[in-house]
Amino acid sequence: MDIYNIIKIITAIITFIISITIGFRVLRLNPKDLLNIWFTLFFISSSLGFLIYTIYHLILNNPQIIIPIMITAQIFFNFLVISLMMTVFILEKYKKVAMSLKYLGSMMLLFFIMSVGYFIWTPELDLARYAQDIVDTNTPTEWFIFITLLRIVLSIYVVYKYAMITRQIEEETKKKVQWFFIGIIFAIIGMFVNFIGGFLRSIIIEILALIIIDVGTIAIFRGFLIK
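Please read these numbers as outputs of a predicted model, since none were measured by experiment. (Residues numbered from 1 in each chain as written. Predicted model: local features only at pLDDT ≥ 70, side-chain atom pairs only at ≥ 80, totals over all residues. Heavy atoms only, no water.)

**A few points about the overall build of the protein**
The line we're drawing: Secondary structure counts use DSSP, requiring at least four H or I residues in a row for a helix and at least two E residues in a row for a strand, with both numbered from the N terminus. Only protein chains enter the accessibility calculation, which uses a 1.4 Å probe; a residue whose area is less than 20% of its type maximum is buried, one above 50% is exposed, and one in between is partly exposed. We call two residues in contact when some of their heavy atoms are within 4.5 Å. Throughout, the Shrake-Rupley method with a 1.4 Å probe supplies accessible areas, and for residues the shown protein chains are the sole cover considered.
A tally of regular secondary structure across the protein gives nine helices and two strands. Secondary structure elements of the protein, listed N to C terminal, follow the sequence α-α-α-α-α-β-α-β-α-α-α. Expressed as a percentage of the 227 residues in the protein, the buried residues total 51%. For the protein, contacts bridging at least 24 residues in sequence account for 73% of all contacts bridging at least 6. Accessible surface computed for the protein: about 11,400 Å², of which carbon and sulfur atoms make up 69%.

**Description of the layout of surface pockets**
Quick reminder of the rule: Residues are called lining when one of their atoms sits within 4 Å of a cavity or pocket point, these points coming from a 1 Å grid over the protein atoms alone, where a cavity is a set in which a 1.4 Å probe fits but cannot get out and a pocket is an open set with protein on both sides within 12 Å along at least five of seven lines. Grid points are joined across faces, edges and corners, and a volume is the space filled by probe spheres set on the points.
Empty space within the largest pocket amounts to approximately 870 Å³. In terms of lining, the largest pocket is formed by 40 residues, of which the most central are Gln74, Phe144, Asn194, Gly198 and Glu206. If you list the elements that add at least two residues to the lining of the largest pocket, you get helix H1 (3–29), helix H2 (34–57), helix H3 (66–92), strand E2 (137–138), helix H7 (141–168), helix H8 (171–200) and helix H9 (203–225). Top element by residues in the lining of the largest pocket is H9. It accounts for seven residues.

**Considering the nonpolar core**
We apply this condition: In plain words, nonpolar cores are sets of buried Ala, Val, Leu, Ile, Met, Phe, Trp, Tyr and Cys residues tied together by side-chain atoms within 4.5 Å.
Ranked by size, the top nonpolar core spans 61 residues in total, and within it Phe39, Phe50, Tyr56, Phe89, Tyr162, Ile184 and Ile220 carry the most contacts. When residues in this core are grouped by element, the largest group, 16 residues, is from H3. With residues near it in sequence (within four places) discarded, Phe89 still touches Ala98, Tyr103 and Met107.

**Concerning the pattern of salt bridges**
It is possible for side chains of opposite charge to pair when their charged atoms get near one another. The condition that has to hold: Counted as salt bridges are all cases of a side-chain nitrogen of Lys or Arg within 4 Å of a carboxyl oxygen of Asp or Glu.
The tally for this structure, following the rule as stated, stands at three salt bridges. Across the pair Glu92 and Lys161 runs a salt bridge, and its minimum N-O distance is 3.1 Å. With Glu92 in helix H3 and Lys161 in helix H7, this pair connects stretches of sequence that are 69 residues apart.

**Here's the deal with H1**
Defined as follows: Helix span, expected: 1.5 Å multiplied by one less than the number of residues in the helix.
Here H1 is 27 residues long and its end C-alpha atoms lie 39 Å apart, about the 39 Å a rise of 1.5 Å per residue gives. Buried residues along H1 sit in contact with H2 and H9.

**What about a nonpolar patch on the surface?**
Formally: For patch building, the residue pool is restricted to those with more than 30% relative accessible area and no salt bridge; the joining distance is 9 Å between like charges and 5 Å between nonpolar side chains (Val, Leu, Ile, Met, Phe, Trp, Tyr).
Together, Ile3, Tyr4, Ile6, Ile7, Ile10, Ile14 and Ile204 make up an exposed nonpolar region whose accessible area comes to about 610 Å². At six residues, the largest contribution of residues to the nonpolar patch is made by H1. Among the structural elements, Tyr4 can be located in helix H1.

**Concerning helix H5 (residues 101–120)**
Quick note on the threshold: Regarding the arc, it is the one traced by the directions from the helix axis to the C-beta atoms.
In this model H5 runs 27 Å from its N-terminal to its C-terminal C-alpha over 20 residues, within 8% of the 28 Å that 1.5 Å per residue would give. Restricting attention to buried positions, one finds in H5 the residues Tyr103, Leu104, Met107, Leu110, Phe111, Met114, Ser115, Gly117 and Tyr118. Around the axis of H5, the buried residues are gathered within 145° of arc, so they sit on the same side. With respect to the buried face of H5, the exposed residues turned more than 90 degrees away are Leu101, Lys102, Leu109, Phe112, Phe119 and Ile120.

**Focus: the packing of aromatic side chains**
The geometry of two aromatic rings is summed up by the distance between their centres and the angle between their planes. This is how it is decided: Pairing of aromatic side chains here covers Phe, Tyr and the six-membered ring of Trp, requires ring centres within 6.5 Å, and sorts the geometry by plane angle: under 30 degrees stacked, over 60 edge-to-face, intermediate tilted.
Scanning the model with the defined rule gives 14 aromatic pairs in all. Pairing Phe89 with Tyr103 gives two aromatic rings, centres 4.9 Å apart and planes at 55°, and the pair type is tilted. One end of the pair, Phe89, is in helix H3; the other, Tyr103, is in helix H5, and 14 residues separate them in sequence. Of the two residues, Phe89 and Tyr103, neither departs from the other in class, the shared state being buried. Relative to Trp143, the ring of Tyr118 has its centre 5.7 Å away and its plane inclined at 90°; by these criteria the two rings are edge-to-face. On the criterion of sequence distance, the pair formed by Tyr118 in helix H5 and Trp143 in helix H7 is long-range, its members being 25 residues apart. Site record: aromatic cluster; members linked through ring pairs are Phe39, Phe42, Phe43, Tyr162 and Phe180.

**With respect to the environment of Phe112**
The residue Phe112 is located in helix H5 in this model. Phe112 sits in the exposed class, given a relative accessible area of 52%. Residues Phe112 and Phe79, 33 residues apart in the sequence, show an inter-C-alpha distance of 9.5 Å.

**Topic: the confidence of the model for the protein**
Which entries qualify depends on this criterion: What pLDDT reports is the predictor's confidence in each residue, on a scale of 0 through 100.
Looking at the protein, the pLDDT average stands at 87 and 98% of residues meet or exceed 70. Mean pLDDT across the elements of the protein ranges from a minimum in H8, with 80, to a maximum in H5, with 95.

Here is the structure:
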């Protein structure tokens, strides 16, 4: 296996460990709070996405199962963004309003649209690189650009909303939300870098994207540690 591919897999495993560890720690801080629950879903979706991402990159003797597993990973990455959107609604609206059909229902519908597209524009395995023991999947360009830009646009919306919320809240809560704001910015940068890496098919850029996402994840958790 190519050395850079090995490094990418190791980085993805590290990202999985960081995300799932932080996810459960956030939930333990206040398991009944909706904000903690949705941030936990964000971390768990990230961790499961990267775990599955790691698994299918290690499958070198059964090409038929790689694409279904790859699509599963992408579905978790879609839910990651939806979870971030719900944290905005929880902070900005009353909790009952945030969990209503208007907000939660619309997010579930969007999640369905984002996920079903992978069954219409199905990714393919690069068999030439697979013969070299490199797992590389190719998502149809139109869908790849659409879904990546949609994730980035939704994340930018989240950052904008967090910036607005930070201006309106009391000082004791402001530092906490500011760390959320910083972490989400890093996550967006990581997503954008990953988009470039996937478009250019550069493993080195994809590794950099994972590192940036890790920094963002840790920054978000830092916000939860502020009393």
